[in-house]
Amino acid sequence: IQPDYHKAWFNRGVVLGNLDRYDEAIASYDRVIEIQPDYHEAWTNRGMTLNNLGQYPQAIASCDRAIEIQPDKHEAWLNRGAALNNLGQYPQAIASYDRAIEIQPDFYQTWSNRGIAFGDWKGYKSEIDAYHEAFQHIHSDTHPEDWGLLQYRIGRAHYQEGINQLLNYRNT
């Protein structure tokens, strides 16, 4: 057993995060960072895990550190955007998602999160427009599952808008 093998600690953090054992996952990522401070994947996953715990400023700080180390990894930008969105900082979240898209334009999750941020910030029509923009990069013939998930997000946004209109109608 090699107690200073950073990849083992990293994989342990991934597994613990998948089990929703977030505090233990963070401890594992912290151990990775002790061993290898510039291991950007540990900083990125640490940020995602802190986001899952609702510790958004700390999540952003971890993602910022990952970006300092490796600025062309879309995952850190995506996770940074998620934490900013959770803080209600929608323009900054969208800017992070846009940077992630510049790096990896065909990654569904970024487009999905970007659409949600637009919906939270500017409403239903902006959310729909954001999803439609994604179809320039996510095509049914090359990314059929992701294309279908975008269709689902659009349908979900229409459904939610219908519910909102119904509730407004009933309250008048």
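Our structure's up above, just so we're on the same page.
For clarity, every value in this text was computed on a predicted model and none was experimentally measured.

Caption draft 1: Up close: the overall build of the chain. Per the secondary structure count, the chain includes 9 helices and 0 strands. When the helices and strands of the chain are read in sequence order from the N terminus, they spell out α-α-α-α-α-α-α-α-α. For the chain, the share of sequence-separated contacts (at least 6 apart) that also reach a separation of at least 24 residues comes to 46%. Averaged over its 15 positive side-chain charges, the chain has a centre that lies 3 Å from the centre of its 23 negative ones.

Caption draft 2: Broad picture of the side chain of Asp146. With respect to the helices and strands, Asp146 occurs in helix α9 (residues 144–170). Summary of buried charges: Asp146 has no salt-bridge partner, and the nearest side chain of opposite charge, Arg153, is 12 Å away. The contact partners of Asp146, leaving out residues within four places of it in the chain, are Asp106, Tyr108 and Ile138.

Caption draft 3: Structural view of the environment of Ser62. Considering the arrangement of structural elements, one finds Ser62 in helix α4 (residues 56–69). Given the relative accessible area of 1%, Ser62 is considered buried. Between the alpha carbons of Ser62 and Val32 there is a distance of 13 Å; along the sequence they are 30 residues apart. The residues contacting Ser62, other than those within four sequence positions of it, are Trp43, Arg46, Gly47 and Leu50.

Calculation rules
Per chain, the residues get numbers from 1 upward, laid out in the order the sequence is written. Per-residue local features of the predicted model are confined to residues with pLDDT of at least 70, and side-chain atom pairs are confined, for both listing and counting, to 80 or more; whole-chain, interface and lining totals are unaffected and use all residues. With hydrogens and water stripped out, all remaining heavy atoms of the structure feed into the side-chain values. Starting at the N terminus, helices and strands are each numbered in turn, a helix being any DSSP run of H or I of at least four residues and a strand any DSSP run of E of at least two. Here, two residues are considered to be in contact whenever any of their heavy atoms come within 4.5 Å of each other. Positive: Lys, Arg. Negative: Asp, Glu. His and the chain ends are not part of the count. To locate a charge, take atom NZ for lysine, CZ for arginine, CG for aspartate or CD for glutamate. Burial classes follow relative accessibility: with a 1.4 Å probe on protein chains only, a residue under 20% of its type's maximum area counts as buried, one over 50% as exposed, and anything between as partly exposed. For this document, the term salt bridge refers to a Lys or Arg side-chain nitrogen within 4 Å of an Asp or Glu carboxyl oxygen.

Keep in mind these numbers describe shape, not what the thing actually does.
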